[in-house]
Structures are given as C-alpha cells and as structure tokens.
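One letter stands for each residue in the lines below.
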Amino acid sequence: MGSAVITARAAATFDPVGRSVATARAFVRDTLQGWGYSDVVDDAVVLTSELVTNAVIHAGTSADVLCLRTEEGVRVEVADRYPEREVPIQGSTRSFANAEQENGRGLLLCAALASRWGVEYSPTFKQVWFQLELPQRPVGTRSAGPVLPTDLLPVADDRVRVAVIQIDRASAVVNWNEDAEHIFGYADDQVIGKPLTDIAAWPHTPGIGTGIVEALQLSRWEGSYGIRAADGRVVPVYASHLRVRDTHGEPSTVCLLVRDYERAVIQTPLRTPAAEAGTESRIVDPFEVFIGSPAPDDLDGLLQRTVERARDMLDGDSAFLLLATDDETELEVRASTGLPSARQRFARVPVEAGAGRFGSARMPAVHEDLTAVPGAVPLLNGTGMRSVVTVPLKVEGRLTGSLGVAAEGAGRYTNEEALRLQFAADRIALAVESARLGELERLRRGSLSFLVEASDLLAGTLDRDQTLALMAQMTVPTLATWCAVYTIADQASDPYLSYVLHEDEDRIDGLKALLSKISPPDPVPTPGARIWTAPAEAAHQAALRTSMRDVSRSNRPPTLGIGTTLATAAAVGGETVVLPLVARNRVIGMLTLGKPSGDHFRQEILELAEDLSRRAALALDNARLYSERTAISQALQRSLLPPGLPQVPGVEVDVIYRAAGEGNEVGGDFYDLFPIRDGAYGFAIGDVCGTGPEAAAVTGLARHALRLLAREGFGGPAVLERLNAAILDEGARSRFLTLLYGELLPQEDGSAVLKVVCAGHPLPLRLRQDGTVEPAAEPQPLLGVMEDLELYEQVITLDPGDVLLCVTDGVTERREGTRMLGDDGLTDVLTTCTGLTAGAVAARVLRAVERFAAEPASDDMAILAMRVPEPHTT
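Residues numbered from 1 in each chain as written. Predicted model: local features only at pLDDT ≥ 70, side-chain atom pairs only at ≥ 80, totals over all residues. Heavy atoms only, no water.

A. Just helix H1 (residues 19–34), in detail. Compared with an ideal rise of 1.5 Å per residue, which puts 16 residues at 22 Å, H1 spans 23 Å between its outermost C-alpha atoms and is within 8% of the ideal. Regarding H1, the residues found buried are Ser 20, Val 21, Ala 24, Arg 25, Phe 27, Val 28, Arg 29, Thr 31 and Leu 32. Buried residues along H1 sit against strand S1 (6–14), helix H2 (41–59), strand S2 (63–70), strand S3 (73–80) and helix H10 (415–459). Count one or two residues on from H1 and you reach Gly 36, which has phi positive near 85°. (Helix = DSSP H or I, 4+ residues; strand = E, 2+ residues; numbered from the N terminus. Expected span 1.5 Å × (residues − 1). Buried < 20%, exposed > 50% of the residue type's maximum accessible area, 1.4 Å probe, protein only. Contact = heavy atoms within 4.5 Å.)

Given below as structure tokens:
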C-alpha cells in the first residue's frame, strides 16, 4: 500500500468449496457498501469472484480475502495456499491470459478494470491484489439562484405541502406529519413503526443508481422516487434526505418530500459561475445556468433537468427528450415533463418517421398546429398538445437523441425558438452522451455481476420446482414487475403455466387466474424477446365486464371484486414480452416478463433477460434430465428388491436394508425370503463385490436365479453351483459374490429346521434362550471365482425362543478410525437381545452399528433376523 494510510480493514477466509465464491462476493459487496464505496462495488465483486474461483476451484485451497480502505480508494487482496501454481506475467513472450480460458481470466479482468494490480509470492501462499480508485466528484455548494422574471418561476399548488418523515436506524417510520398524511392518504398510526421500504416505489435497474436502503444510510441524498399512496396509486415525489443523530447518539434520517413537479421547493440550487472581478454581472438564462454546472452522476437526473429547463426556457406546457439506439434507427423516450411519463417512458419511435425534413429526427422541426398533420409526432398523440418544436442532439455529427418542447396552443413556436433550443441542445449533447455511456458501462458491469450470481444459483440445484422459483425470483423485481414461466414436457405437449410471481404478493392469485384463462404464447424457438399482447387485452376486457356489471347494480354498493379485477388489469396492462427457453435445440418453455400499465422495457433490460433465459433454460433442462434419470434409476432399483416378505407360520422374520450412496435404493448387498413349496421357504442374504449400479446388476441376477432354481426342486448346493456358473458366464462384468442361502422348514412341535449353505459369507449367529451366541454354519468357498465348487448343506434346528441373525459385512466391518465392530462386537450386541422379537433384534443391531461411528456408512448393509417364538402359556 506504500505510504497510504489504512483507515479500515475487513478480512475473511473461505473454504475450498464451490459455494464459497458466492459467499466471498457477498462479503466484499457488504464491506464496500458499508464503507460508502458503492461506485466501485460492481468492479470489486466481479474481480473477487474470479480470483476466489481460481483459489477454491482451480487451485483447490482455501482463500483469504482482505479489504483495505485508504484515502485513495480500496484495495482487495486474495491469497491461496498454492504458491507453485503458475501465474502468467504480463508483457512476457508467453500469453498473458485468454478470455476463453478459465485459468488466468481473473488477471485479465484485473488488468482491464483495476487502476493497479499485482501478484505477490511467499513460501506458503500466493496473493493477487487489485486497487480501485474512487471517481473524483466536484464538491457541491448551496447558493441563491439568479433573479428570474415571475413568469419563469416554477408553478406550484396554492398551498405547497412538504411531507416530513423521520426514519430510525432500522428504516422504520417514527414521525409522520400532517402534510405527509394529506399527500399520501395514510394516517400516522398506519405507518409509524413500519419500514418506509414497504410503501416506497423505487426504480429497479441492476447496476444503476442507489437503492432505497442505501439512500437512507447516506449522510445526505437527493432525488426522485415514488410513494404508494393509500388508494394504490404511486405518487411521484422529489426527496431530500438528511441523516442526523440525537443527543444519545442514535442515528435517524429526516426525509423532506414534495410532489415531483414541485421539486424546486427543496431541490438544491445549482451553483452559478461567479462574475469576474471588475466585470458587470448579467441575468443568466436558466437553461444556461444548468449547462454551466457539472453534470449529475445519474443520467435520469440529467435528462429530467434538461427537459424541465427546456420547457421553462420556451414557456412550454411540456417537454421531452429521446435517446437514439446504437444503430440510430429508433429513439427511446427517456425523460418528459407535462406528459404522462409513466406511459411514455422507454417507448420507441423511428428516427425516420416519414419523407422530408419534418419526418426525420436528424433535423430541427417546427409544427405550428398538430391538428393539421395528425400523427406527425406520435409521442404527443392524445395529449392535447398542438404546437411543437424538436431539435436533434448530435455528437461529432452522430445523432444521439432528440429534444422537444410542446404547447397546448397553436402557433406558439417559430424558427427563432428552434434556434434557441438547438443552441441549448448543442451545449448539452456531449454531457448527455457522456452520462449515457457511463450508465451503459455501469449497467454492463452490474449485468455481469447479476449473471454471475444467477449462474451460481441456477447451478446449485437440480430440483425442477426450485429452478422455476429461482428463475422468477431473479427477474422480479430486478427486470420486471411480474413474471410467468411456461414449461413444455415434450414436443407433443402444450405449454403449461408452471410458475407465476408478482412483486406485490397480493396480485399473484389474480394474475395466475388471468393467465390460466388465456391461451399460452406460441413456443417459437426464435431467440430474443417478442411482444405478447394477450394478457393486457384479457385484463382490459375482464375489467370492462366487471365495471359494467357493477354499474348495473345501481341500488347496491360497489363489490370487492371490481377492485381486485381493476388492480390485476393495472398490474399487467403494460408491455409484456416472451423469451423462449431453448435447451439442446428444443423449446422447453417460455419466460414471460411484464410491466404495469403504461410501462415499457428498456432494450438493455431485454438483452439482460435474454442472457438470463439462456442460462435458465439449460438449468431447467438439466433439472428435468436429472429428475427423469432419478425416476428411472429408482424404478429399476426397486425392481431388484423383493416385493414383500411372506408370512412364515411359526417363525418371526424381519429385515433391515441400507444401500450406500446418495439416491441409491439397491447396492451390492441383497436379501430375499420366498415360498418354495408348501411348508418350505427359501431365504438368502448376499454381498456382491463393490457398490452402486454394477453391483446391483449382479444382485438382480442372483436374486432371480435363486428363486427360479429353488422352485425347480434343486437343493441348496445345486442352487449355488448353478448360480456360480451363471455369474462366471457374465465374463468381464462378473463379480464375486458371498452368499448365505438356506431353506426354512417350520415344524409342528414349534421348532424350525434350516438347511443352509454359507458360501464365503459372514457366518450366521444363533442366539439361544440362555443368552449364548454361537456360529450356526461353517465357511465354504465364495461364488464367481472358481468354476468347480463342492458345496455342502448344513442343518440347524431353532428351538422356541432361539434367534438366527444373518448380516452382510457392512455390519461387521463398520469402522471408526482404526477400530472395527467385527464379529466379536456383533456377538456382544446379540447377547443382549434375549427375549426380543425378530424386529427388535434387527433394530438393536442397526442402532449399535450407527452409534459405533459418527460418519455415515460407506458400505451397503443388510440384516436378516429369524426367531422361533415361545409357545404362549395360559
């Protein structure tokens, strides 16, 4: 850091796991916003994301992140524990970095975004650091405005009302004055104690401007936003926030709010250049005052002030400013005054609207009476404006926008006013273009950060429903007011409305009901957003029908239904666009985004939504494929398990089965109990070498072969010899198998005879009534290794009260470090089971296995317990 004084620091360490990248981004974002460095947050987050990814993903080590604040700016250091990892050197003969490669991309971004950066080594770690400098801002001062004629003063209501609202540390309202109640319709007891964010209608554009929460934390803030009034309307306001503290040191924010058109009441006057010493002062044109001051940081504020000054300068009733698209074919409305701005904002008109000079926005134009040329200025249709003057904004000969002033009377403007307006436009064009490019750059960086976080979230789940919810929650309210996701199961299926979300939860049910009644959009694979008018038209028709029904009930009070219907109509009455969800060359659904009445989408937002839809489509298709594969896998696995245990007269039987591995229902261990003939039952418990699908395949072969051979009348040795031959016939796919197979023959005297063959399997244990435990068979060769086997059968008689316990090696080989449960441990557990039922014996063995080690079992496990109950005594 050189000699720079460090004024604050924050540090954190992140484990080498994928989720640490998102956690590190949040840490840096919260830290810098807490320091008031919102200007560099997006760059810092993007760079930190890449560097932490290199550490925890590519290098596979933990990452140490250190944020340092100085008077010059902010420095972020990211260190990992892999010092020998090669770092390309800028300026060397080797390639520095490539945007198409994962490795080195963080350094490439550092070189592009940071004011300074570097790499430092030590014997134990490598550290990459970057420094971001804060933009220089001129210090604003309050001063008296110039002396203006009365007719140039801004117009206000007869009584100007200033809402005074005080907000505490948690953004909750603590004071609400009478003017606030008059403007917004809420009594003080309705809002005190509630967060201001509940009623603030803040513009949501990723990467641009300050949010309401951040604005309330700043020492001073001034700007425009909206307040949702008690009647549901959004009241545009101009606000001045001042953060103060009381005598106890508790901070709070005092907000002064006026209606937006009365902003001159509290707006900070712009500094007028002082007259040179010894020179005569002069009255300065109000528009010239604005041009001579530094441009605001935000483009919207600059454009709004421009149209207001233009309207005042020409004494007009309205004014508007449009910015050109990159290809100069269309103009987008970005600011207006005296017009329904909510309806016109972001609407587009062609640059060349007709033949001749007056049909092109590239030349100044004066229309003395629009009623004589209807449609000459589409933006003013239905507004009552009759005369208008428009001039182009140009930078180095390139059209960047258009500025216009209109009046309700005819013949108000001549070429003289056009020249005055053109002069002003020429002075402001460069400042507007510079602010527009700055906004685009901030939007690009904000979009990059938004897409990085969206990709992380979408990649973190393979659940279809959760993916749908994430898609909607990422778009609302960041990109749109409401969102609907349609899914298509297959090419023969119709689109299905799968998810609906609105920024106002009270509107979701009405929106869902409306969309359910109209046909879904066509699944067109063409990329990009297309307009869909059906929701707005359906909402309008529903509102009209409801209003007519309500009016016809002249002798009844209005119903509640009309309010809900009209609110839904307003919620979806704006522009609606549909983006296809295309994955693997197939349309799997549509992402529908909507705005409320009078609102339009900006092109930058649509481009961001298109990028998001591509990522979301792939995530949704991956979730679908995963769900299908999981369902198929589970169905096949369930087919390998016995359909159910038969009831054996005179013998209690219980089984516990656990397959190792997430999502596995069957592994290499298996069991079976089935009737062979009257009075005889076959049972088996086995263990195939390995776990997972390959072992499960041999499991299926063994279980079905045992049933078939036993029912053909073969004895135990013959059954296992033939099964051994079948396993060897599998060739390279064969796996050796340990198997305990036997026949269970209940006897009339209450005992049970068992004929068993133990082929390489853990020996069955017999628990007698006196508590003694002993092996009940002798070991013989396992299956799947040798061709010629000589197996023999052993006979066991279980007396009343005796238990035969059969387990796989997943039980006996349960480990905790160097300790193993083993045969002796299992014997000790079984010794304590005297008098228990077969189910209780199996459950006690399972508990002993689970408690033996803290880690989850890594091997399949099967427990088969058979008990001859004691006769009941009366």
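B. Region of interest: the layout of surface pockets. Of the volumes computed, that of the second largest pocket is approximately 540 Å³. In terms of lining, the second largest pocket is formed by 20 residues, of which the most central are Ser 447, Leu 448, Leu 451, Val 452 and Arg 615. Within the residue set of the lining of the second largest pocket, elements represented by two or more residues are H2, helix H3 (105–113), H10 and helix H15 (603–640). Looking at the lining of the second largest pocket element by element, the count peaks at eight residues for H10. (1 Å grid on protein atoms, 1.4 Å probe; cavity = no way out; pocket = protein on both sides within 12 Å on 5 of 7 lines; lining within 4 Å. Points joined across faces, edges and corners; volume = space filled by probe spheres on them.)

C. Geometry of the sheet that holds strand S29 (residues 773–775). What the five strands build is an open sheet, ordered S23-S34-S31-S28-S29; its pairing is antiparallel. Every other strand in the sheet has two partners, leaving strand S23 (652–658) and S29 as the edge strands with one partner each. If you compare each strand with its neighbour and ignore which way they point, the axes differ by 20° on average. Inspection of the sheet shows strand S31 (residues 803–807) paired to strand S34 (residues 861–867) by five bridges, in the antiparallel sense. For Leu 805, the partnering residue across the bridge sits in S34 and is Ala 865. Packing against the sheet, helix H19 (residues 822–831) makes contact with strand S28 (765–767), S29 and S31, and its axis sits at approximately 25° to S28. Contacts from helix H20 (residues 838–852) reach S23, S31 and S34, with the element oriented near 150° to S34. (Pairing = 2+ DSSP bridges. Axes fitted to C-alpha atoms, helices over the stretch in contact; angles between N-to-C directions.)

D. Spotlight on H19. Those residues of H19 that sit buried are Gly 822, Gly 825, Leu 826, Val 829 and Leu 830. Projection of H19 onto a plane perpendicular to its axis shows the buried side chains occupying an angular sector of 135°, all on one side. Residues of H19 that are exposed and point over 90 degrees away from its buried face: Asp 823, Asp 824 and Asp 828. Tucked inside the fold, the buried residues of H19 contact S28, S29, S31, helix H18 (809–812), strand S33 (819–820) and H20. (Arc of directions from axis to C-beta.)

E. Structural detail: unusual backbone geometry. Pro 477 follows Val 476 through a cis peptide bond whose omega is 0°. Notably, Asp 315 is not glycine yet its phi reads approximately 55°, a positive angle. Although it is not a glycine, Asn 585 adopts a positive phi angle of roughly 60°. Residue position: Asn 585 is located in the loop between strand S21 (576–583) and strand S22 (586–594).

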